[in-house]
Amino acid sequence: MNYKLMLRMLGRTLQVEALCLLVPLVVSLIYREDPLPFLYTIVPVAVLGTLLSQLRAKAEFFSQEGFTVVGLIWLTFCLFGALPFWFSGAFPTFADCFFESASGFTTTGSTALENIEALPRGILFWRAFSAWIGGMGVLIFTMAFLPKVGGRSQTLFRAEVPGPVSTKLVPQTTHASQILYLMYFVLTGAELIALRIAGMPWFDAITTAFSCVCTAGFSVMNQSLGAYNLPACEIIAIVFMVLGSLNFSVFFLVITGRARQALRSDELKFFLGILAVTSLLVFWNILPLYDTTGHAFRDAVFQVTSVVSTSGFSTVDYNLWPTFSQTLLLLLMFIGGCSGSTAGSIKCGRILLLLRSSTRSILRLSHPRAVKVVKLDGKPVDEETLRAVFSFFTCFFLLLGLGSVVVSLDGHSLLSSFTAVLGCLSNVGPGLDLVGPF
């Protein structure tokens, strides 16, 4: 393995992180807060990043190095991203700081905090901003703004972008990264303006836009978006959580005048179908609990969208909902958004391929000689991709089972332990029972 090249790439990403930390530093200065937590972090991160980026290495880069360096970059980003939390003194242990940082960069949205509103504005901004950076992918961020990371950029792109089948927007990977982030900026800016017009304060609108587009669900309020009691803001959040859950290639096709091709996407139809059907079922189930139909429908659509997009925002404590609705939300945690989106979990594309592959296997029991090809968007899917999907499912459920066993050592209920692990593994954030939305 080309360790020097991997370390050089790690250094470049640390330089990017040091630059990113300047933004919450400015926020702290604007609100006249202590800037030292960010200064204490920026200096060592910048120095270490500069030293590593100066290493000379051969530009030989293969899949093994690609997947290894992607994992190292995520781990390093989360580790150094925890330092401002630690230096702020708002967290009792470094484990809490690392948890909060990892939850942000991976857009999980879980929190170790009991009183979020007590944090300084600079720290609150860093929570939301770290999630925004991680939403599109730390490495994609680096490739978009520091193109010369060396080696095979397409190998890194494939290792970073989630989904069973990768879609190339343009031939050059660096150009594709820049296009992705341009769309990301536009979505964030549009939601920021919409939330501000709807009555949300500037700071809250900025942090909410960051957390919504990246489907992280970090809020600056203890009661999440429910604290504002602004139906317009909830509707805006629903729209952008849905948009954040769509494959970004869909936006690219629409922008380039190929809207019909985008609408023919099997995964898009599957995702929107699940969203619509589940919202109606939850609405029907919780309607007796509400005084007005409109309020019940808005809460049902919001929570379903929040969970299936793996955002984790909340406007109501769905622990108080009937078991049927809670079960539907639990199942949605396994599904997630579309491939190539900021959403987490298994992804609708993999679910579709698994269902179609399983259907083919069942048909072969009665028609052994039948030749049936699994297709997605009308195109045949090769057997290697199908094997990768089955491997992903196996790993996902093995980690879920193992994690549930380990977390159960805390002695809490099965529902709390299981959904705590599921919420983190699928990037939803909150679960049920003790790890519910509130």
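Cut-offs and rules
- Residues numbered from 1 in each chain as written.
- Predicted model: local features only at pLDDT ≥ 70, side-chain atom pairs only at ≥ 80, totals over all residues.
- Heavy atoms only, no water.
- Helix = DSSP H or I, 4+ residues; strand = E, 2+ residues; numbered from the N terminus.
- Contact = heavy atoms within 4.5 Å.
- Axes fitted to C-alpha atoms, helices over the stretch in contact; angles between N-to-C directions.
- Parallel < 35°, antiparallel > 145°, perpendicular 65-115°, else oblique.
- Nonpolar A, V, L, I, M, F, W, Y, C, P; charged D, E, K, R; others polar.
- Core = buried A, V, L, I, M, F, W, Y, C linked by side-chain atoms within 4.5 Å.
- Buried < 20%, exposed > 50% of the residue type's maximum accessible area, 1.4 Å probe, protein only.
- Expected span 1.5 Å × (residues − 1).

Some points on the environment of A343
Along the chain, A343 turns up in the loop between α16 (323-335) and α17 (348-366). Along the primary structure A343 and T108 are separated by 235 residues, whereas in three dimensions their C-alpha atoms are 9.4 Å apart. Filtering out sequence-adjacent residues up to four positions away, A343 remains in contact with T215, G244, S245, S309, T310 and G337.

Brief notes about the packing of helix α5 (residues 94-105) against helix α6 (residues 121-136)
Two elements in contact, α5 and α6, have axes separated by 6 Å at closest approach and are oriented at 45 degrees. Overall, the two elements α5 and α6 adopt an arrangement that is oblique. In contact with E100, G104 and F105 of α5, α6 contributes W126, R127, S130, A131, I133 and G134. In the contact of α5 with α6, the residues fall into 4 nonpolar, 3 polar and 2 charged.

Overview of the nonpolar core
One finds W126, F129, I133, Y184, F248, W321 and L332 to be the most contacted residues of the largest nonpolar core, which totals 108 residues. Examining the composition of this core, we find that 10 residues originate from one element, α6, more than from any other. If we ignore the near neighbours within four places in the chain, the residues touching F129 are C20, V23, P24 and F210. Membership of the second largest hydrophobic core comes to 6 residues, among which are L14, V45, L52 and F80.

Details of helix α10 (residues 202-213)
With 12 residues, α10 should reach 16 Å at 1.5 Å per residue; the first-to-last C-alpha distance of 17 Å fits that figure. Judged by how many residues are buried, α10 sits mostly within the fold: 10 of 12 residues are covered. Every buried residue of α10 is accounted for by F203, D204, A205, T207, T208, A209, F210, S211, C212 and V213. Among the residues trailing α10, T215 stands out with phi positive, at a value near 50 degrees.

Focus on the environment of G104
Secondary-structure assignment places G104 in helix α5. Along the sequence, G104 and S211 sit 107 residues apart, while their C-alpha atoms lie 9.0 Å from each other. When residues no more than four places from it in sequence are discounted, the contact partners of G104 are S130, A131 and F218.

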